[in-house]
Amino acid sequence: MIYWAAFVIAKHADLTIDNFQPADVVRYPVVIVNGSADGPEMAIGTSWGSAIRFPVINHRYSSIVELKPGVNMLLLHSGSETMKFRLDYKPMTSPYKVVAVYVTAQDEKDTYYTTDAKDRFPIRQKFDVALKLMQAFTADAMNRAGYGRKTFALELDKNGKVDVLFVKSPKKGDEIRALDSNGIYAHVYDVLKVQFPEATTKWCGLLGFTTFDPIAKKSLGHLALGGGSQALFGSGSMQWWPTSLKDVPKVFVNTSTLDPTKTFEDSAFRHTVWSNVSTAYGATLHELGHTFGLPHSPDKFSVMSRGFDFFSRSFTVVEAPIEGKKDPTQFKPDELTRWDPFFAARLNLSPWFQPDGNKGVLFDTAKPPTVGFEGDDVVIDAPNGIRVIGTQNDRIPSWFAEYKTGEAPKRLKLSRKDLRGKMQDTAQPFQIVVIDDQGQQAQIDDKI
């Protein structure tokens, strides 16, 4: 795109990969690869036929590549330089999976809202790309947080594609769209709970009945809600989602504007194709975060705040322009979407973030931790041992402590006064949260 020329050319940079070491082993198929390059663009793939081209801005690039199980020899090319780089992919074996579900109304086809009369509705392909990018982002963000490339497992078919399950509601589309967000959420939950085991699956549901009313100039059947086993998001912007990984760099620089009075638009007032996709992916991951037990966050760049709007930054070097702004945005490394430190510590222990589960058995839910009060003390009992304890409030930065190694304590008694002192605003109520060695969570409100 011509707006990349706004950035000054820096000194010569060799072709490098900066965020992996040769022969690193990853447990998920699509990886984010960052580094330096000398050409105006770079290409990366496991073969030249599958290579994807990404822009190089000020001699930096951010790219993605999909791996096959086993040894992968990455091929990179930029300017006059070519290199090979080995990465190994060992698929996860965990029974704890995020399941892709596409929910449609009883009287409607497996489609989504679109303004393109030629749209072929490649739902499986779009869902595959979306979830693999969320998985890749999560691994990258967890690595940035200091926990290695941990992420959630997806249900994949024999060809390595996300296994998308299509589910029909017994209700008609107009009936569902007449419900409020909570009503839609409850209805879809009632439909899905009889089909999927809540103990070992989280349901990432896209709603095929989302639409836009051009007369009323509003979206119908759209929501973003998550908790328990279910994360739901509307499909209103799905026509713009990439259909293949090769489409990703093009979509995330697509500055075509969308008029919210004429079509579905959900981009935090940025009104471009790329920002609609970034928000859709980020918001869906936000709702999945709730299913992993995470609350909202005061951190403006957190997945669990509106920081999810910046999801695309992990796949670009600069952020594309938005409506009313002709230049791209140069962001700093600490302005990427992220998991809060306390949240990353919790995800590190989550059953859904262990690539091989719990050594062949399910995690122990029969003996969860408990939190209670004894006078001005907080008393925590955890038969499986305490690994993380912290305090949280969606307007105040969290405090937490970890017992990373060694034998985890089974009982702790902490001063409520001391815990209040660790929060920036002790006039605000907060929650005290504990995670045990089996990834089970308990919390209690300290209402002050």
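Reading guide: rules and limits
- Counting from 1, residues in each chain are numbered in the order their sequence is written.
- The predicted nature of this model means local features are confined to residues of pLDDT at least 70 and side-chain atom pairs, given and counted, to a pLDDT of 80 or more, with totals for whole chains, interfaces and linings taken over all residues.
- Excluded from the side-chain calculation are hydrogens and water; included are all heavy atoms of the structure.
- Per residue, pLDDT captures the predictor's confidence, and it can take any value from 0 to 100.
- Residue contacts are counted whenever heavy atoms from the two residues lie within 4.5 Å of one another.
- For Phe, Tyr and Trp, rings pair up if their centres lie within 6.5 Å, where Trp contributes its six-membered ring, and each pair is then called stacked (planes under 30 degrees apart), edge-to-face (over 60) or tilted (otherwise).
- In DSSP terms, a helix is any run of H or I states spanning at least four residues, a strand is any run of E spanning at least two, and both are numbered starting from the N terminus.
- Each residue is placed in one exposure class: buried if its accessible area under a 1.4 Å probe, protein chains only, is under 20% of its type's maximum, exposed if it is over 50%, and partly exposed if it falls in between.
- Here, any two strands with at least 2 DSSP bridges between them count as paired.
- Between N-to-C directions, angles span 0 to 180 degrees; the directions come from axes that are lines fitted to C-alpha atoms, helices contributing only their stretch in contact.
- Nonpolar cores are built from buried Ala, Val, Leu, Ile, Met, Phe, Trp, Tyr and Cys residues. Side-chain atoms within 4.5 Å join them into one set.
- Any residue with an atom within 4 Å of a point lines the site, the site being either a cavity, points on a 1 Å grid over the protein atoms alone where a 1.4 Å probe fits but cannot get out, or a pocket, an open set with protein on both sides within 12 Å along at least 5 of 7 lines.
- Grid points are joined across faces, edges and corners, and a volume is the space filled by probe spheres set on the points.
- Following the grouping adopted for this structure description, the nonpolar residues are Ala, Val, Leu, Ile, Met, Phe, Trp, Tyr, Cys and Pro, the charged ones are Asp, Glu, Lys and Arg, and the polar ones are all others, Gly among them.
- Small angles under 35 degrees read as roughly parallel and large ones over 145 as roughly antiparallel, with 65 to 115 read as roughly perpendicular and the rest as oblique.
- The hand of a helix crossing depends on one turn: near helix anticlockwise from the far one by less than a right angle means left-handed, and clockwise means right-handed.

What about the confidence of the model for the protein?
Argument step 1. For the protein, mean pLDDT is 95; residues scoring 70 or higher make up 96% of the total.
Argument step 2. Note on residues 1-12: pLDDT under 50 across the span, and 25 contacts to partners over four residues away in sequence or across chains.

A closer look at the packing of aromatic side chains
Argument step 1. Per the counting criterion, the structure on display carries 19 aromatic pairs.
Argument step 2. Ring geometry for Tyr113 versus Phe212: centroids 6.3 Å apart, planes at 50 degrees, classification tilted. With Tyr113 in the loop between strand 8 (97-104) and helix 1 (123-144) and Phe212 in strand 12 (residues 211-213), the pair connects residues that are 99 residues apart, well separated along the chain. Pair check on accessibility: Tyr113 and Phe212 agree, each one buried.
Argument step 3. Between the aromatic rings of Phe342 and Phe343, the centroid separation amounts to 6.3 Å while the plane-to-plane angle is 40 degrees, which identifies the pairing as tilted.

Here's the deal with the sheet that holds strand 22 (residues 441-446)
Through backbone hydrogen bonds, the strands of a sheet pair up, either in parallel or in antiparallel fashion.
Argument step 1. With antiparallel pairing, the four strands of this open sheet are ordered in space as 19-18-21-22. The two strands at the open ends of the sheet, each matched to only one other strand, are strand 19 (396-402) and strand 22. Strand-to-strand twist across the sheet, computed as the mean angle between neighbouring axes with direction ignored, equals 15 degrees.
Argument step 2. Bridge count between strand 18 (residues 386-393) and strand 19: five bridges; the pairing is antiparallel.

Quick look at the side chain of Asp140
Argument step 1. When you line up the elements, Asp140 lands in helix 1.
Argument step 2. On the accessibility criterion, Asp140 (13% relative accessible area) is buried.
Argument step 3. Other than its neighbours up to four places away in sequence, Asp140 contacts Asn19 and Ile32.

Notes on the nonpolar core
Argument step 1. Among the nonpolar cores identified, the biggest contains 85 residues, and Leu76, Leu133, Tyr281 and Trp339 are the most heavily contacted of them.
Argument step 2. In terms of residue count, helix 1 provides more of this core than any other element does, 12 residues in total.
Argument step 3. Excluding its chain neighbours within four sequence positions, the residues that come into contact with Tyr281 are Lys126, Val129, Ala130, Leu133, Met134, Trp241, Pro242, Phe252 and Phe311.
Argument step 4. In this structure, Val103, Tyr185, Val188 and Leu223 belong to the second largest nonpolar core, which totals 17 residues.

Notes on the layout of surface pockets
Argument step 1. The calculated volume of the largest pocket comes to roughly 560 Å³.
Argument step 2. Elements represented by at least two residues in the lining of the largest pocket include exactly strand 3 (41-45), strand 5 (60-66) and helix 1.
Argument step 3. If one sorts the elements of the lining of the largest pocket by residue count, helix 1 sits on top with five residues.
Argument step 4. Of the residues assigned to the lining of the largest pocket, the class counts are 13 nonpolar, eight polar and nine charged.

Some details on the packing of helix 1 against helix 5 (residues 273-291)
Argument step 1. Relative orientation of the contacting elements helix 1 and helix 5 amounts to 65 degrees, with a least axis distance of 10 Å. On the basis of the axis angle, helix 1 is roughly perpendicular to helix 5. The hand of the helix 1/helix 5 crossing is right-handed. Within the contact between the two elements, helix 1 uses Lys126, Val129, Ala130, Leu133, Met134, Phe137 and Thr138 and helix 5 uses Tyr281, Thr284 and Leu285.

Points about unusual backbone geometry
Argument step 1. A positive phi angle is found at Phe269, which is not glycine, with a value near 65 degrees.
Argument step 2. Checked against the element boundaries, Phe269 lands in the loop between helix 4 (248-251) and helix 5.
Argument step 3. One non-glycine residue, His271, adopts positive backbone phi at about 60 degrees.
Argument step 4. Looking at where His271 falls in the secondary structure, it is placed in the loop between helix 4 and helix 5.

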